[in-house]
Amino acid sequence: MQTQVITANVKKNIELAADCLLKGGLVAFPTETVYGLGADATSREAVSGIFTAKGRPAADPIIVHLDSTDMLPSVASEVPEAARQLADTFWPGPLTLILPKAAAIPDIVTSNLPTVAVRMPRNETALALIRAAGVPVAAPSANSFGRPSPTCARHVIDDLDGKIDLVLDGGPTPVGIESTILDMTTTPPVILRPGGISRESLASVLGEVSILATSEHEDLRAPGQMKQHYAPKALVLLFAGRNRQKVIAAMRDRAIELARSAKTGIMVPQEEVSQFNGLSENVITVSTGALTDPEETARGLFSTLRELDKKGVSHILTIAPAKEGIGLALFDRLYKSAGSRIITVDG
Ligand code: TXA
Ligand code: MG
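What counts, and where the lines are drawn
- Residues numbered from 1 in each chain as written.
- Chains lettered and ligands numbered in written order.
- Predicted model: local features only at pLDDT ≥ 70, side-chain atom pairs only at ≥ 80, totals over all residues.
- Heavy atoms only, no water.
- Pairing = 2+ DSSP bridges.
- Helix = DSSP H or I, 4+ residues; strand = E, 2+ residues; numbered from the N terminus.
- Contact = heavy atoms within 4.5 Å.
- Axes fitted to C-alpha atoms, helices over the stretch in contact; angles between N-to-C directions.
- Parallel < 35°, antiparallel > 145°, perpendicular 65-115°, else oblique.
- Left-handed = near helix turned anticlockwise from the far one by under 90°.
- Nonpolar A, V, L, I, M, F, W, Y, C, P; charged D, E, K, R; others polar.

Enquirer: Explain the sheet that holds strand β16 (residues 343-344) to me, and be specific about the residues and the numbers.
Expert: Reading across the sheet, the five strands line up as β14-β13-β15-β12-β16 and stay open at both edges, with parallel pairing between neighbours. The two strands at the open ends of the sheet, each matched to only one other strand, are β14 (283-287) and β16. The pairing of strand β13 (residues 264-268) with β14 spans five bridges and is classified as parallel. For Val268, the partnering residue across the bridge sits in β14 and is Ser287. Packed on one face of the sheet, helix α9 (residues 294-310) meets β12 (235-240), β13, β14 and β15 (315-319) and runs near 165° to β13. The strands touched by helix α10 (residues 327-337) are β12, β13 and β15; relative to β12, the strand with the most contacts, the crossing angle is about 130°.

As structure tokens, then:
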């Protein structure tokens, strides 16, 4: 199969892409979070193509994307008042709600679960595409299974060239990490995956929201949320500790040791980059943005991981962010890309 990349800025291209979806094709498109790999959510056949293209296990259910809440009844059989309220507040936006599934959605989409994940993305291209197709669009992140999610069209091509029909290129995605997944079928609602909408924002609407903690001690329960996920080819080493200087010193020591035999990547906030200067020719240090701007870090996270992979580093050393606001989602992605291992530096 030949994969075509077309600009999202042309109306005709949106129509072309919608047509492709309705014929059972696979179309990658931008959302505000990451690029999605879309198929007609009402077609079993089309959705099965997503699993093949990504190499995704059948037990990993897919999020269904809508262009308006009018489509909600065709996807979810029941929408509790609290879910309506969240949709009113955060849609379009990076919040996915888990609701009871409607019959029109084939079981393959939800991996046979009685529930379905739904969201309305805050991206004009995505909304125009769904509107033009007139069907809900099932779309996981448009990466090969287990790899960091794609935040630009290039990343999609790097993973899926020749395996999908079309890529709608709408430039880099502004949020950079995936949506927050909130299970609305339990009381109180539970965050299954932290993401673009913070726990604090959800709590301001819901009052109570519990979290399936992404800590060293607990596993995420969301199906498909494997321990090793979002992973570059390099081994990620995630450092943490109360004393920042001691953590940095430990990272420097480890980098010097690793750099004796292989290229080693360092990913730290802008303010700390200089502390890794001159360690070795084999050490490549990249900034994750300003320490005070976790949104910027989120925007660049996956592309930085991919960039370091391209430079051929064997390890990537990085620091655990504070688990507040979008920092919780950042921590989750880094923790998983590190295969759920953390190096704690005492002191
Ligand atoms: O921002 C996003 O959410 C992006 C964009 C493209 O919308 N999508 C995304 O999809 O991250 P994906 O497939 O990479 O991750 C979706 C995750 C699944 O791995 C699964 O854990 C969870 O959503 N999920 C889907 N349906 C579910 C369900 N019925 N119950 C619980 N978890 C579900
Ligand atoms: Mg994904």
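Anyway, onward from the coordinates.
Enquirer: If you had to explain the packing of helix α6 (residues 153-160) against α9 to someone new, which residues and values would you point to?
Expert: Running from N to C, α6 and α9 cross one another at 55°; their axes reach a closest spacing of 11 Å. Relative to α9, the element α6 is oriented oblique. Judged by the twist between their axes, the crossing of α6 over α9 is left-handed. Of α9, the residues touching α6 (which contributes His155, Asp158 and Asp159) are Ser303, Arg306 and Lys310. Split into classes, the residues belonging to the contact of α6 with α9 amount to no nonpolar, two polar and four charged.

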